[in-house]
Amino acid sequence: MKSSERGARAHQMFLGHQDRIVDALQALDPSHPFREDSWDREGGGGGRSRVLEGGDILEKAGVNVSCVFGELSEAFAAQLPGTGRSFMATGVSLVLHPRNPHAPTVHANFRYLEKGEDAAWFGGGGDLTPWILYEEDARHFHDVWRQACGRHAVADHTAFKAACDRYFHIPHRGEARGIGGIFFDYMGLEPPKGISADLAEAERFVDDAAGCFLGAYLPVLEKRKDASFTEEERDWQLVRRSRYVEFNLVYDRGTVFGLKTGGRTESILMSLPNEVRWRYDMSPRPDSYQSRLVEVLREPVDWLDR
């Protein structure tokens, strides 16, 4: 199953967003260029991965686009809407791990999928994972997504924020991976399995939302990237990154989908930070910046009405 006209158009849309995001990030960290790898997938399709490592500002950053197609396994096909086993999927996915512990990690993904002849949908979102909590950063990030949703009748910010809080939850830790954002899936499918929307309307929203990423995150990064920090704060960042790794390897749908459909392993796992620490039974001190962060991760917060 190769790309439909809409699939081909979505792929080009995602390539354009990749270009704009990488150009903006490269301007912030010009002495450390992104490496670009174009790759082919056995079974159909391929992608373009752009990764930066060891930057002055971005310790690890990846902005990937893929467009893949082929046949799903019987077991995996049964888990997705639509009949048959043929599929195509295209999307842009990014994870940025700044070096400074005052600057939060961020993730965003926007995608389009088709399965068989009777199912097609958009999905995606963006979420923020701070190591040291600044409420003004949280409010800014969430407000940009709220404004984007407000421009499209199909987008329910309250529902998308709640879905993000549910999705980026680490059950074995009893806490969220970060402070949320928006998350939506199956936009274009009818309820109860999907979000009822004309696919053209869903496409317009996804294009707008992906275009909002830089406005949601860059002001936060620019504000925090040069802050002075202590060894204790750096150690806390590396320890908390372990939660990020645990979620991505155990629960993340994108990781599972990529691995089960024969995607490029290096691109799928580019979301993992290069430096991370696990400590046995580490608990933050009461009334510290560490305990304040953990407190908000254990119960979703309405950042815009807090």
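Please refer to the structure higher up on the page.
Residues numbered from 1 in each chain as written. Predicted model: local features only at pLDDT ≥ 70, side-chain atom pairs only at ≥ 80, totals over all residues. Heavy atoms only, no water.

Peer 1: So what's going on with the pattern of salt bridges? Which residues, and what values?
Peer 2: Scanning the model with the defined rule gives 29 salt bridges in all. Two residues, R50 and D19, come together in a salt bridge whose shortest N-O distance is 2.8 Å. A residue pair is termed long-range when its members are at least 10 positions apart, and R50 in strand β2 (residues 45–53) and D19 in helix α1 (residues 5–28) qualify at 31 residues. With a shortest N-O distance of 2.8 Å, E36 and R50 are connected by a salt bridge. Placement of E36 in strand β1 (residues 35–40) and of R50 in strand β2 is noted, with a sequence separation of 14 residues between them. Take R50: its relative accessible area is 11%, and that puts it in the buried class. (Salt bridge = Lys/Arg side-chain N within 4 Å of Asp/Glu carboxyl O. Helix = DSSP H or I, 4+ residues; strand = E, 2+ residues; numbered from the N terminus. Buried < 20%, exposed > 50% of the residue type's maximum accessible area, 1.4 Å probe, protein only.)

Peer 1: An account of the environment of Y186 is requested, with residue identities and associated values reported.
Peer 2: Secondary-structure assignment places Y186 in strand β9 (residues 181–187). Separated by 154 residues in the primary sequence, Y186 and H32 place their C-alpha atoms 37 Å from one another. Excluding anything up to four places from it in sequence, Y186 contacts L80, P81, W121, F122, K193, G194 and I195. (Contact = heavy atoms within 4.5 Å.)

Peer 1: Which residues make up the sheet that holds strand β5 (residues 105–115), and what values go with them?
Peer 2: Taken in spatial order, the seven strands of this open sheet run β1-β2-β3-β4-β5-β6-β9, and their pairing is antiparallel. A strand with exactly one partner marks an edge of an open sheet, and here the two such strands are β1 and β9. Neighbour-to-neighbour, the strand axes of the sheet open up by a mean angle of 10°, direction not taken into account. The sheet contact formed by β2 and strand β3 (residues 58–71) spans nine bridges and is antiparallel. Bridge pairing in β3 links G45 to V68. Packed on one face of the sheet, helix α4 (residues 157–167) meets β6 (119–129) and β9 and runs near 100° to β9. (Pairing = 2+ DSSP bridges. Axes fitted to C-alpha atoms, helices over the stretch in contact; angles between N-to-C directions.)

Peer 1: If you had to explain the pairing of β3 to someone new, which residues and values would you point to?
Peer 2: Counting buried residues in β3 gives twelve out of 14 residues, a clear majority hidden from the surface. Counted between consecutive antiparallel strands, the loop separating β2 from β3 contains four residues, among which G54 sits at a positive phi close to 75°. With 13 bridges connecting them, β3 and strand β4 (residues 86–98) associate as antiparallel partners. From the neighbouring strand, F69 faces β4, where its bridge partner is M88.

Peer 1: Give a description of the packing of aromatic side chains that names residues and reports values.
Peer 2: Within the structure shown, the criterion is met by 16 aromatic pairs. When the centroid spacing of 5.6 Å and the interplanar angle of 85° are considered together, the rings of Y167 and F247 count as edge-to-face. Of the two residues, Y167 is situated in helix α4 and F247 in helix α7 (residues 231–250); the sequence distance between them amounts to 80 residues. Judged by its relative accessible area of 13%, Y167 falls in the buried class. Cluster of aromatic residues (ring-pair linked, three or more members): Y167, F168, F183, F247 and Y251. The side chain of R177 reaches across the aromatic face of Y244, ending 4.0 Å from its centre. (Phe/Tyr/Trp six-rings, centres within 6.5 Å; stacked < 30°, edge-to-face > 60°. Lys NZ or Arg CZ within 6 Å of the ring centre and 35° of its normal.)

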